[in-house]
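# A structural walkthrough
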Amino acid sequence: MKTIYIVLKEDIIYYPPIISIINTLLDLGNNAVHLGTYSDREGRAKLEKKGAKFVKMPSYRGKGNLLQKLTDQIKFKRSVEKFLSSTFIGDEDLIWIAQIETIYLLHNLVYKYPVILHPLEFTDKSINWKYRTVSPTINLKKVFHTAKKVVCCEYNRSHITKGIFALDTLPYILPNKPYEETIVAKSIPSDISKTIHKYLSELSNKKIILYQGVFVDGERRLEEFCQAISLLPEEYVLIAMGSGTALFENLKLKYEGTRIKFIPFIKPPYHLLITKEAYIGVLSYFPRQDNIGTVLNPLYCAPNKVFEYAKFGKPMLGNDIPGLHYMFQEYHCGECIQYPMTPKAIAETVLKLDFYYSTYSVGSAKFYNSVSIPEIISQIVSD
């Protein structure tokens, strides 16, 4: 029986694909050991009951001054290295490092163990000086060539990664499809149940247009979607659900009313109770000109939310980017709004989705069933 050590410096409560990987590894008969932080005690207990092990590492707060952040990262790096050096790693065991920043910190592991690199986002050969400070000897091209496996979340990113690092083979493509979970009513925490009931009762018998995810200024544009609601019949409402960043708070202050609601982050999988009641799912990904990564990541987005919408057969609505355009075209599960993305264009597209609703809904379910995560992960850990 193989043991796979999954390493991520961030709290995995915010990374549903990593939780999906742990669940799937266990279902496939492997041992799964997570090194890092998982703040959801209930979710952790469920996985422990299935056989997962969690080894707490110094948490990376992501806040504070530069010195505090660097100190957090050094502590995390040293703790992971110390744990692995004192642990028997069998010939078939694997170290699965997720997220490019975690790879920067633990790049030396590829020279000691069989490592799977799973950067999650676009990866360039250039490295931020802050990570150079922690890992001054890193040669990223050599790291990627030395790794046992490389995994990307989307077809285009896989080819881009292969090209940037001149890899001999195409990285495995593991879409960000969340693990299939059944939510039992009696297991829903009371505070979450109250929150969900409050919003859904206010919007009963309405056609909910739902945005769920992070709020990143300049990348996740929702202003036009908020403005579009006034151009639609009264039965349409908008819910924006996710982490409460400054953008979230600013939009809430400006637009919240009887037809537009802002719901704070609800821990997975309970956020799906809102998703299930939606009528249309919104996707919004706009390139930012900060660097090549902030351009390519939105263009070739691979969001877990497309699978969450598709799980319930929800038609999707997004801006026109390659990551959505070809998926919508192949499965006929949604529509892209052509540039410029105006409130009027959004409203017209919503009405088009409504008119052909059953066709888009069938296409959405077809897309969901097109990906088998167990088959892909089984191949990754067994090849």
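From a predicted model like this one, the values you see are computed outputs, not experimental measurements.

Reading guide: rules and limits
Residues numbered from 1 in each chain as written. Predicted model: local features only at pLDDT ≥ 70, side-chain atom pairs only at ≥ 80, totals over all residues. Heavy atoms only, no water. Helix = DSSP H or I, 4+ residues; strand = E, 2+ residues; numbered from the N terminus. Rg over C-alpha atoms; globule rule 2.2 N^0.38 Å. Buried < 20%, exposed > 50% of the residue type's maximum accessible area, 1.4 Å probe, protein only. Areas by Shrake-Rupley, 256 points an atom, 1.4 Å probe, with all protein chains shown as cover. Lys, Arg positive; Asp, Glu negative; His and termini not counted. Charge placed at Lys NZ, Arg CZ, Asp CG, Glu CD. Contact = heavy atoms within 4.5 Å. Polar contact = N/O pair within 3.5 Å; in protein donor to acceptor, adjacent residues only side chain to side chain. Core = buried A, V, L, I, M, F, W, Y, C linked by side-chain atoms within 4.5 Å. Pairing = 2+ DSSP bridges. Axes fitted to C-alpha atoms, helices over the stretch in contact; angles between N-to-C directions.

### Comments concerning the overall build of the protein chain
Check the secondary structure of the protein chain and you find 17 helices and 13 strands. In terms of C-alpha radius of gyration, the protein chain reaches 21 Å, essentially the compact-globule figure of 21 Å for 383 residues. If one aligns the C-alpha atoms of the protein chain with their principal axes, the spans along those axes are about 60 × 45 × 45 Å. Within the protein chain, the proportion of its 383 residues that are buried is 54%. Total accessible area computed for the protein chain in this model is approximately 17500 Å², and 53% of it derives from carbon and sulfur atoms. Of the side-chain charges in the protein chain, 47 are positive and 38 negative, and the distance between the mean point of each set is 5 Å.

### Quick look at the environment of Y309
Within the element layout of this structure, Y309 appears in helix α13 (residues 304–311). Considered as a pair, Y309 and N319 are 10 residues apart in the sequence and their alpha carbons are 16 Å apart. Once residues lying within four places of it in the same chain are set aside, the contact partners of Y309 are L210, Y211, Q212, T275, G281, V282, L283, K314, M316 and S364. One polar contact links the side chain of Y309 to the main-chain carbonyl oxygen of V282, over a distance of 3.0 Å.

### A few points about the environment of I183
Mapped onto the secondary structure, I183 falls in the loop between β7 (172–173) and α8 (190–202). Of the residues examined, I183 reaches a relative accessible area of 25% and is grouped as partly exposed. For I183 and K56, which are 127 residues apart along the polypeptide, the C-alpha to C-alpha distance reads 27 Å. The contact partners of I183, leaving out residues within four places of it in the chain, are I188, P269, Y270, L272 and L273.

### Examining unusual backbone geometry
Of note, the amide linkage connecting P268 to P269 takes the cis form, showing an omega dihedral of 0°. Mapped onto the secondary structure, P269 falls in the loop between β10 (260–264) and α11 (272–275). With an omega dihedral of -5°, the bond running from Y339 to P340 counts as a cis peptide bond. Along the chain, P340 falls in the loop between β13 (334–337) and α15 (343–355). Of note in the backbone geometry, N205 takes a positive phi value of approximately 65° without being a glycine. Since its relative accessible area comes to 79%, N205 is described here as exposed.

### Re the nonpolar core
Of all hydrophobic cores here, the largest spans 62 residues; its most connected members are W96, L174, M316, L324 and M327. The element best represented in this core is helix α1 (residues 16–27), accounting for 6 residues. If we ignore the near neighbours within four places in the chain, the residues touching M316 are G281, L283, V306, Y309, A310, M327, F328, C333, G334, E335, L353 and S364. Among the nonpolar cores identified, the runner-up in size contains 33 residues, and L106, V115, A147 and L167 belong to it.

### What to know about the sheet that holds β10
Either a parallel or an antiparallel arrangement is found when strands of a sheet pair, and the pairing is made through backbone hydrogen bonds. What the 6 strands build is an open sheet, ordered β10-β9-β8-β11-β12-β13; its pairing is parallel. Sheet topology places β10 and β13 at the edges, where each strand pairs with a single neighbour. Taking each pair of neighbouring strands and ignoring which way they run, the sheet shows an average axis angle of 25°. Sheet analysis places strand β8 (residues 207–213) next to strand β11 (residues 280–283), joined by 3 bridges and oriented parallel. Bridged to I209 within β11 is I280. Across the sheet, α8 is in contact with β8 and β10; its angle to β10 comes to roughly 170°.

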